[in-house]
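Residue strings, one per chain:
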Amino acid sequence: MSQTPDLQGLSQNEVIQRRAAGLGNDVKFQSSRSYRQILRENVFTFINAVFFGISLVFILLGRFGDAILVVVVVFGAMLVSVYQEIWAKQKLDRIALLNRPKAVVIRSGREAEIDPNEIVVGDIIPVHAGDQILVDGVVIGLGRIEVDESLLTGESDLIPKVAGDQIFSGSICVSGSVYSQTEKVGNQTTAHNLVTGARAYRQALTPLQREINQVIRVFLLTACFLWILTIIGFISNEHSLKDLVQRIAVIAGLVPAGLLIAITLAYGLGAVRMLGQNVLIQQANAVESLSNVDVLCLDKTGTLTTNQISLQTLVPIGVSQEELIALLANYAANTSSPNKTTEAIAAAYPGKTLPVVAEVPFSSVRKWSALAFKSGVYFLGAPEAFSAVVSLTPEIQEFIQTGVEQGLRVLLFASSPDVEALIAEEMPHLPLNLIPLGVINFSDVLRPEARETLMGFASAGVELKVISGDNPQTVAALAKQVGFHPDAKLVSGQQLAQMDQVQFTQAALTNTIFGRITPEQKARLVEALRNSGRYVAMTGDGVNDVLSLKQANLAIAMESGSKATRAVADIVLLKDSFSALPQALIEGQRIRNGAIDAMKLFLVRGICITLLIFSASVVTNSFPLDNKQSALIALVGVGFPTTVIPIWAKPGAIPRRGVVRSMLHFVIPASLTLTLVALLVYLLFLIYAVLDLPPGANLSQLNRAIPRTALTTILVMGQLLLIPFLKPPTRAWVAGEPLSRDWRYTITAFVLIVVYFIIVSIPANQRFFELASLSPASYLFIAFVALDWCLIVRLLWRTRFFDNFLGIDLT
């Protein structure tokens, strides 16, 4: 691209005047959720509205203790969640600000780097390969580019643009260089609507989020059903207003609102840890995506290599060494779209500036570029791209093959005297009978941490695939150097082009190395893997990776990559910290495993309380718990443990089956047996309370605090004794889950049991929670029952009684 003398751009005064006239690009794009959105999503929820209404009713009835408990337990947790998310937002905003892309404009005849918000109508902007176009404009001056408008149209075809053509914000320059003059800015641009729509689209729920929502909805439906029954009972005068409010509050507690809080805290912790690893999370659900990844597609250049190449050898064909060097030097010196290859040539052999007649920039689709001088046209590209129009001797072919097998980047330099053919064609193509001039070998610089990084992927249970535009044998040679198996299967883009969809999908699944792949094929490979049930992460740094990044479940870009790749990525690796990615994947697995463990405890509690409400009403025509007792069970039995379980969780591969299905093995035996044992304890102490009535007293004088205290105690102990089964410290506890050898969980459980007994032993606490003072013998009896229950549920887990009955396949 050559700059014309009249390309001066706007002066500073003109910029100020246009800004004052409202012609500036004053649009703020959020780097994360807004404060208003965080508050709305955490405060104005249906569950919070229910609890708020219940607390108001408690206040009206004069039960201030119940009202305070509701506020402390529910709204206190809500405030913690809001604080954590705001803190994480501020961290993300600061990092995003440091990494915000800049815009380059021509002002007063000079290039100036500015913030995109400072662009005004009339600004002249240079557009180069890899740039995402920020504002709508028109191409001016000399030059030609090809743009990808798939973000706008959904079509991946490259569109040529020359002087007078419109270019639209949101499109991506794939090749070439031009100048554009800005016509639309701010909310008038195509990008404004595009970014708004893209942001909404990226809010898609992750697998764990979807399954958690399903669980919550099931409990919510159950709660609604019980609320209806309770209201019918009140209307039929079977219950007092006080009983109605109490029962509504207990039933509302069935909905595991705390589960969302536990998940939020767990993901927030993971996000903060990843920031310390130079991993910038651009989408909130990227943590969850990381934990689900089982296939990672790597682009060789910029990922396995440092995106730095050096010229190794030149082999002239039909010309002298000096003549070949001079031609290559002039070619590299005059290209308007330099890339790593031409930069390596220019670094080795400086050339002269010559008048350029026409140019075809390099494209990853064509695999070649061309430059026309008055003396002729010169072509530089992959040897395979010239195979139909260039004849090479067997010796040259063998030299090319040797370089490929050594992992070198091999290019062919050729010429043609037909300048007019290149200029006349709207879509450039190779002329017939090209004259080969030489073969050039380049070496890629491998990342020093690549081998260790790949071992980290393997230990995380992630399958690796390398997808590159280079020769498949070159890619395979480099892959072997960084630790890939020597027998890794490879396939070329030419072979894929001959396959139908079934064969293409099979090739995507069975092969490890893919070479000479076009951007469209790369996107198809990612799509085929996703359609086969794999959860795919894609890394990339070049504009040719944009299509595949958009197809992936998780898009990962390098900080040094093109602005286009960073724009569509869910995660950006700061400082190109490829070595941090395995740790980020492991961290995602750790957080997800902790969330699943917390979900199991919430499920057991919710199912137990639900079944107890039904069974107690059938057997005794009574309600088993008051709101304060239900809150105490939730707080000590589930709330406190789930604050530490995600923190201590360990990484590990995620089972392919659904989360809910994988938890049935643990949840169903624990829930059913704990419900039955708790009901028997409740009935036993209820009978004891009836027998303790003075002669002539009626059941209305029954002290229900005694059976409710016993029920609360057995439920708290049962919930806490599940923790050693959830994370077995020794083989004696192994039954429902594999051996953990981590004593922290068990110690926490027994500490919380002691804390519970301290709470209920204090008279003031007994009065607040409306509990009775049981005798030491009663507490010992309940503890003995709880330990017996542990033996029973361990036997059921080990014999897989419920698994076999329900037909749950755990293999």
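Criteria and thresholds
Within every chain, residues take consecutive numbers counted from 1 along the sequence as written. Selection of residues for local features in this predicted model requires a pLDDT of at least 70, selection of side-chain atom pairs for listing and counting requires 80 or more, and totals for whole chains, interfaces and linings are taken over all residues. Excluding hydrogens and water, the side-chain values take into account all heavy atoms of the structure. The helix count covers DSSP runs of H or I at least four residues long, the strand count covers runs of E at least two residues long, and both are numbered beginning at the N terminus. Throughout, a residue-residue contact means that at least one pair of heavy atoms, one from each residue, lies within 4.5 Å. The Shrake-Rupley method, run with a 1.4 Å probe, gives the accessible areas here. Residue values count only the displayed protein chains as cover. Here a strand pair is declared whenever DSSP counts at least two bridges between the two strands. The convention used is that axes are lines fitted to C-alpha atoms, helices contributing only their stretch in contact, and that angles between N-to-C directions extend from 0 to 180 degrees. Polar contact is defined as a pair of N or O atoms within 3.5 Å, subject to the rule that within protein one atom must be able to donate a hydrogen and the other to accept it, and that residues adjacent in sequence are counted only when both atoms are side-chain atoms. Only protein atoms enter the 1 Å grid, on which a cavity is a set of points fitting a 1.4 Å probe that cannot get out and a pocket is an open set with protein on both sides within 12 Å along at least 5 of 7 lines, lining residues being those with an atom within 4 Å of a point. Grid points are joined across faces, edges and corners, and a volume is the space filled by probe spheres set on the points. Classification used: nonpolar for Ala, Val, Leu, Ile, Met, Phe, Trp, Tyr, Cys and Pro, charged for Asp, Glu, Lys and Arg, polar for all others including Gly. Our angle categories are set so that under 35 degrees counts as roughly parallel, over 145 as roughly antiparallel, 65 to 115 as roughly perpendicular, and the remainder as oblique. Each salt bridge in this description consists of a side-chain nitrogen of Lys or Arg and a carboxyl oxygen of Asp or Glu lying within 4 Å of one another. When a residue's accessible area, from a 1.4 Å probe over protein chains only, is under 20% of the maximum for its type it is buried; when over 50% it is exposed; and in between it is partly exposed. Centre distance within 6.5 Å is the pairing criterion for rings of Phe, Tyr and Trp, where only the six-membered ring of Trp is used; planes under 30 degrees apart are then read as stacked, over 60 as edge-to-face, and the remainder as tilted. With the far helix as reference, a near helix turned anticlockwise by less than a right angle produces a left-handed crossing, and one turned clockwise produces a right-handed crossing. When we speak of the arc, we mean the arc of directions from the helix axis to the C-beta atoms. Expected helix span is given by 1.5 Å per residue-to-residue step, counting one fewer step than there are residues. Here, the term nonpolar core denotes a set of buried Ala, Val, Leu, Ile, Met, Phe, Trp, Tyr and Cys residues that are joined through side-chain atoms within 4.5 Å. The pLDDT value expresses, per residue, how confident the predictor is, ranging between 0 and 100.

Further remarks concern the overall build of the protein chain. Along its length, the protein chain carries 31 helices and 21 strands. Long-range pairs, those at least 24 residues apart, make up 72% of the contacts in the protein chain between residues at least 6 apart in sequence. When the accessible surface of the protein chain is summed, it comes to about 35,100 Å², and 59% of that surface belongs to carbon and sulfur atoms.

This part is about the sheet that holds strand 16 (residues 463-467). If you walk across this open sheet you meet the eight strands as 8-21-20-19-9-16-18-17, and the pairing is mixed. Taken across any chain shown, the strands that pair with only one partner, and hence form the sheet edges, are strand 8 (279-281) and strand 17 (490-492). Averaged over all neighbouring strand pairs, the angle between strand axes comes to 20 degrees, with direction disregarded. In this sheet, strand 21 (residues 571-573) lies alongside strand 20 (residues 554-558) in parallel orientation, the contact comprising three bridges. Counted as the bridge partner of I556 is I571 from strand 21. The strands touched by helix 23 (residues 580-620) are strand 8, strand 9 (295-298), strand 19 (536-540), strand 20 and strand 21; relative to strand 8, the strand with the most contacts, the crossing angle is about 50 degrees.

What follows concerns the sheet that holds strand 11 (residues 358-360). Sheet architecture is open: six strands sit in the order 10-15-14-13-12-11, paired in antiparallel fashion. Each edge of the open sheet is held by one strand with a lone partner, namely strand 10 (305-316) and strand 11. Within the sheet, the average angular offset between the axes of one strand and its neighbour, ignoring direction, is 20 degrees. This element, helix 12 (residues 321-334), spans strand 10, strand 12 (368-373), strand 13 (376-381), strand 14 (409-416) and strand 15 (435-446) of the sheet and lies at about 145 degrees to strand 10.

Further remarks concern the side chain of K600. Mapped onto the elements of the fold, K600 is located in helix 23. There is a polar contact of 2.8 Å between the side chain of K600 and the side chain of E737. Those residues within four positions of K600 in sequence are excluded, and the remaining contacts are M663, F666, V667, L726 and E737.

Our next topic: empty space enclosed by the protein. Taken as a whole and judged by the stated rule, the model has three cavities of 30 Å³ or more. If you add up the space inside the second largest cavity, you get close to 60 Å³. Taken together, the elements giving at least two residues each to the lining of the second largest cavity come down to strand 11 and strand 12. When residues of the lining of the second largest cavity are assigned to their parent elements, the largest contribution, three residues, is made by strand 12. For the lining of the second largest cavity, the residue count by class is six nonpolar, five polar and one charged.

Running from amino to carboxyl end, helix 19 (residues 501-510) crosses helix 20 (residues 519-531) at an angle of 80 degrees, the nearest separation of the two axes being 9 Å. As summarised for this structure, helix 19 and helix 20 are arranged roughly perpendicular, according to the angle between their axes. On the side of helix 19, the interface is formed by Q501, F504, T505, A508 and L509, while helix 20 contributes Q521, R524, L525, A528 and L529. The residue makeup of the contact of helix 19 with helix 20, split by class, is six nonpolar, three polar and one charged.

In this section: the pattern of salt bridges. Evaluated as defined, the whole model comprises 15 salt bridges. Linking R107 and D123 is a salt bridge whose minimum nitrogen-to-oxygen distance equals 2.7 Å. Placement of the pair is R107 in strand 1 (residues 103-107) and D123 in the loop between strand 2 (110-114) and strand 3 (124-127), with a sequence separation of 16 residues. The buried category is assigned to D123, whose relative accessible area is 0%. The salt bridge partner of R409 is D444, with a shortest N-O separation of 3.2 Å. On the criterion of sequence distance, the pair formed by R409 in strand 14 and D444 in strand 15 is long-range, its members being 35 residues apart. D444 shares its class with R409; the two are buried. One salt-bridge network, held together by shared partners, links D294, E463, K465 and R534.

A ring pair, where both rings are aromatic, is described by two values, the distance of the centres and the angle of the planes. Under the counting rule described, the total for this entry stands at 14 aromatic pairs. Ring centres 5.6 Å apart and planes at 90 degrees place the aromatic pair W648 and Y745 in the edge-to-face group. Separated by 97 residues along the polypeptide, W648 in helix 25 (residues 641-648) and Y745 in helix 28 (residues 743-761) bring together distant segments of the chain. Looking at Y745, the relative accessible area reads 3%, which means it is buried. Taken together, a centroid distance of 5.3 Å and an interplanar angle of 85 degrees make the contact between F801 and F802 edge-to-face.

Taken together, the five bridges between strand 1 and strand 2 define a ladder with antiparallel strand orientation. If you follow V104 over to strand 2, its bridge partner there is E113. From the end of strand 1 to the start of strand 2, which pair antiparallel, there are two residues, and S108 there has a positive phi angle of about 55 degrees.

A few words on the packing of helix 24 (residues 627-639) against helix 27 (residues 705-726). It is at 9 Å that the axes of helix 24 and helix 27 come closest, and there the two elements cross at 20 degrees. As summarised for this structure, helix 24 and helix 27 are arranged roughly parallel, according to the angle between their axes. The chirality of how helix 24 crosses helix 27 is right-handed. In this structure, helix 24 uses Q629, L632, I633, V636, G637 and V638 to contact helix 27, whose residues at the interface are R708, T712, L715, V716, Q719 and L720. Of the residues contributing to the contact of helix 24 with helix 27, the split by class is seven nonpolar, four polar and one charged.

Taken together, the buried positions of helix 16 (residues 450-459) are occupied by A450, T453, L454, G456 and F457. Taken end-on, helix 16 shows its buried residues confined to a sector of 150 degrees, consistent with a single buried face. Facing away from the buried side of helix 16, by more than 90 degrees, are the exposed residues E452, M455, A458 and S459. The positive-phi residue at the C-terminal boundary of helix 16 is G461, with phi of around 75 degrees.

Let us now look at helix 23. An ideal rise of 1.5 Å per residue puts 60 Å on 41 residues; helix 23 measures up with 59 Å between its terminal C-alpha atoms. Across the 41 residues that make up helix 23, a large majority, 33, are buried. Phi turns positive one or two residues past the end of helix 23, at N621, with a value near 55 degrees.

So, about the nonpolar core. Ranked by internal contacts, the top residues of the largest apolar core, which has 85 residues, are I714 and L715. Those elements giving two or more residues to this core turn out to be helix 7 (207-235), helix 8 (241-252), helix 23, helix 24, helix 26 (659-691), helix 27, helix 28 and helix 30 (776-799). Apart from residues lying up to four places away in sequence, I714 is in contact with L674, V677, A678, V681, I782, V785 and A786. Residues M274, A476, A479 and I571 belong to the second largest nonpolar core, which totals 39 residues.

So, on to the pairing of strand 7 (residues 172-184). Taken across its 13 residues, strand 7 has 10 buried, putting it largely inside the fold. Looking at chain direction, strand 3 and strand 7 are connected through four bridges and run antiparallel. Looking at the pairing, I124 lines up with Q181 of strand 7. Summarising the sheet, strand 4 (residues 136-148) and strand 7 pair through 10 bridges and their orientation is antiparallel. Bridge pairing links I145 to G176 in strand 7.

Turning our attention to the confidence of the model for the protein chain. Residues with a pLDDT of 70 or more make up 83% of the protein chain, whose mean pLDDT is 81. Long-range and interchain partners of residues 1-5, a stretch whose pLDDT sits below 50, account for 10 contacts in this model, where long-range means more than four residues apart. In this model residues 194-203 is a low-confidence stretch, pLDDT under 50, and it forms 10 contacts with partners more than four residues away in sequence or in other chains.

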